[in-house]
Amino acid sequence: MTAGEKQRPGVEARPKPRPGVLRVASGLVLAGVAALLTVVSWHAGAGWPTALHDVLEAVFPLVIVAGAAIGGYELFVHPWLVSEMARISGPRIVEALLPQQVMETFLHSIYGDNEANRDVVTGVLGGEGLRPLGGDLTISTHTGVTFELSAVDHEIYHLTTAVTYSFKKNVHVDRFIIFATCDALLRDSISAGCQLPLFELWFVPDSSLFESSVDDMLPSVRLRIEYLDGAGRHHVASSSRLELREVKYQQWADYLTFFRTNMGPLPRQNTLDHLADLRIFECDLSDIAGDDHTVAAIERLSMRATALQRIDDGYCYWQAPYPCYVERISMSAKELDLEGGDAFEFRVVPFTFRSNTASARWLKPEELTDLDVRSWLLPGHGVALLWRPAK
């Protein structure tokens, strides 16, 4: 868009006339004019020439009018009709289609035919988009993220993460799923492979710490939900202690697509190969609601959990499980040093579309400030906090 333009190129652009139709219109007009000239200049004799002259005299007005009408329609009426139909009916037609159909068609026209387009579709939509009006999509329009680091000893620390999601449309679900893994392949595949709308992903980098870290984390999980019951009434509930049921490996395929079939370049996975690096937990949100209320849809969800991690990993991070608009991310690392000094220095590394990172240098704990994001984060986007011994 250049200076002085009032709208972007292509906005409400009129369709170009179709050459084939214009050729037919021109041919009819030329044929009619030729017939007219013949009638005017030809003095037909008796017999069949007179009959032919009379036919041309009767036909040429019709041929000229038909050609002019077709040409006028193609040059003026047709572009106007197409523009009006696009203006009036376009958005409604798109709304009537399934989100997946709209996105796949658009990406195919832009990116070309590529199997990996499905990952983009799922990431942008926040789900598969197989229900009308996005009924199966999870999109958080207001998301708050906070994580705190607190040393247990000189080798282990507690990472406490608190996240609040406010959903664009109520998420029609009564279950909350937690995936815990120490396998990098699963970590990067679960967001695309999970067809359930409400879940959280825990990743423990150290496989030797995986079981103990997950067991330590489970009692620390706290949930707060704002929900609608079966009658559409609004409620708020929170858990003092969450009851999480571990899903048996025989049922993993019901939760993750790649245990049932190939998922793009990722071949079908065997559940038996991941017994040591994956655990899945499920919570019935109606148990939190209490008072005989049944959770029909979630409007807002807050989760807080604490995990064991190794200090010498040198990093921790948070990733968006579904599309999230994040205003800011808060970090506190003053308690990572048991002596309460400046044993470590830190650097914030966002991997997002855009962020207003204040500094790209190594910082002291007290210099860590909120990361002002104010942008959408899609699955795979997030922020990492790195640290190293202070020099």
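What this report covers is the structure whose coordinates are included nearby. Per-chain numbering applies: the sequence of each chain, read as written, is numbered from 1 onward. Residue-level local features of this predicted model are given only where pLDDT is at least 70; pairs of side-chain atoms are given and counted only at 80 or more, and the full residue set underlies all totals for whole chains, interfaces and linings. To get the side-chain values, take all heavy atoms of the structure and skip hydrogens and water.

## Considering the pairing of strand E4 (residues 199-203)
Item 1. Each residue's exposure class comes from its accessible area (1.4 Å probe, protein chains only) as a fraction of the maximum for that residue type: buried when under 20%, exposed when over 50%, partly exposed otherwise. Where helices and strands are cited, they refer to DSSP runs of H or I of at least four residues and of E of at least two residues respectively, numbered from the N terminus. Burial analysis of E4 places 4 of its 5 residues in the buried class, the great majority of the element.
Item 2. By definition, two strands form a pair when at least two bridges between them are found by DSSP. Examined bridge by bridge, strand E3 (residues 175-181) and E4 share 5 bridges and lie parallel to one another. Note on E4: the bridge partner recorded for Ile177 is Phe199.

## Comments concerning the packing of aromatic side chains
Item 1. Put simply, two rings from Phe, Tyr or Trp (the six-membered ring, in Trp's case) pair if the centres are within 6.5 Å, and we call them stacked under 30 degrees between planes, edge-to-face over 60, tilted for the rest. What the rule picks out here adds up to 11 aromatic pairs.
Item 2. Ring centres 5.5 Å apart and planes at 90 degrees place the aromatic pair Tyr157 and Trp387 in the edge-to-face group. Note that Tyr157 is positioned in strand E2 (residues 156-171) and Trp387 in strand E14 (residues 382-389), a separation of 230 residues in sequence. Each member of the pair, Tyr157 together with Trp387, is buried.
Item 3. Here Phe179 and Phe199 contribute two aromatic rings whose centre-to-centre distance is 5.9 Å and whose plane-to-plane angle is 70 degrees, an arrangement assigned as edge-to-face.

## Points about the pairing of E2
Item 1. As judged from the 11 bridges shared by strand E1 (residues 140-151) and E2, these two strands associate in the antiparallel manner. Bridge pairing in E2 places Ser140 opposite Phe167.
Item 2. The loop that links E1 with its antiparallel partner E2 comprises 4 residues.
Item 3. Here 12 bridges tie E2 to strand E9 (residues 295-310), and the two strands are oriented antiparallel to one another. The partner of Leu159 across the bridge, within E9, is Ala307.

## Observations regarding the pattern of salt bridges
Item 1. A carboxyl oxygen of Asp or Glu within 4 Å of a side-chain nitrogen of Lys or Arg is what we treat as a salt bridge. Within the structure shown, the criterion is met by 15 salt bridges.
Item 2. Residue Arg300 is joined to Glu226 by a salt bridge in which the shortest nitrogen-to-oxygen separation is 3.8 Å. In this pair, Arg300 sits in strand E9 while Glu226 sits in strand E5 (residues 222-229), placing the two residues 74 residues apart along the sequence.
Item 3. Here Glu282 makes a salt bridge to Arg245, at a shortest N to O gap of 2.4 Å. Taken as a pair, Glu282 in strand E8 (residues 278-284) and Arg245 in strand E7 (residues 245-246) lie far apart in primary sequence, 37 residues in all.
Item 4. Classification of Glu282 by relative accessible area gives buried; the value is 11%.
Item 5. Taking relative accessible area as the criterion, Arg245 reaches 38% and is therefore assigned partly exposed.

## Section: the sheet that holds strand E12 (residues 344-351)
Item 1. The 3 strands lie next to each other as E10-E14-E12, forming an open sheet whose pairing is antiparallel. Only two strands of the sheet have a single partner each, and these edge strands are strand E10 (315-319) and E12. Here the strands of the sheet are splayed against their neighbours by 15 degrees on average, with no regard to which way each runs.
Item 2. Where E10 meets E14, 5 bridges bridge the pair, whose relative direction is antiparallel. Bridging across to E14, Trp318 finds its partner in Val383. Working convention: axes come from line fits to C-alpha atoms, limited for helices to the stretch in contact. Angles between N-to-C directions cover 0 to 180 degrees.

## Examining the sheet that holds strand E13 (residues 371-377)
Item 1. Across the sheet, 7 strands lie side by side as E6-E5-E9-E2-E1-E11-E13; this open sheet has mixed pairing. Edge positions in the open sheet fall to strand E6 (234-238) and E13, since each of these has one partner strand only. Shown here is a sheet whose adjacent strand axes are inclined to one another by a mean of 15 degrees, direction ignored.
Item 2. Working rule for contacts: check all heavy atoms of both residues, and any pair within 4.5 Å makes them a contact. Together, E2 and E9 form the strand contacts of helix H7 (residues 210-217), whose direction differs from that of E9 by roughly 130 degrees.

By themselves, these figures tell us nothing about what the structure is for.
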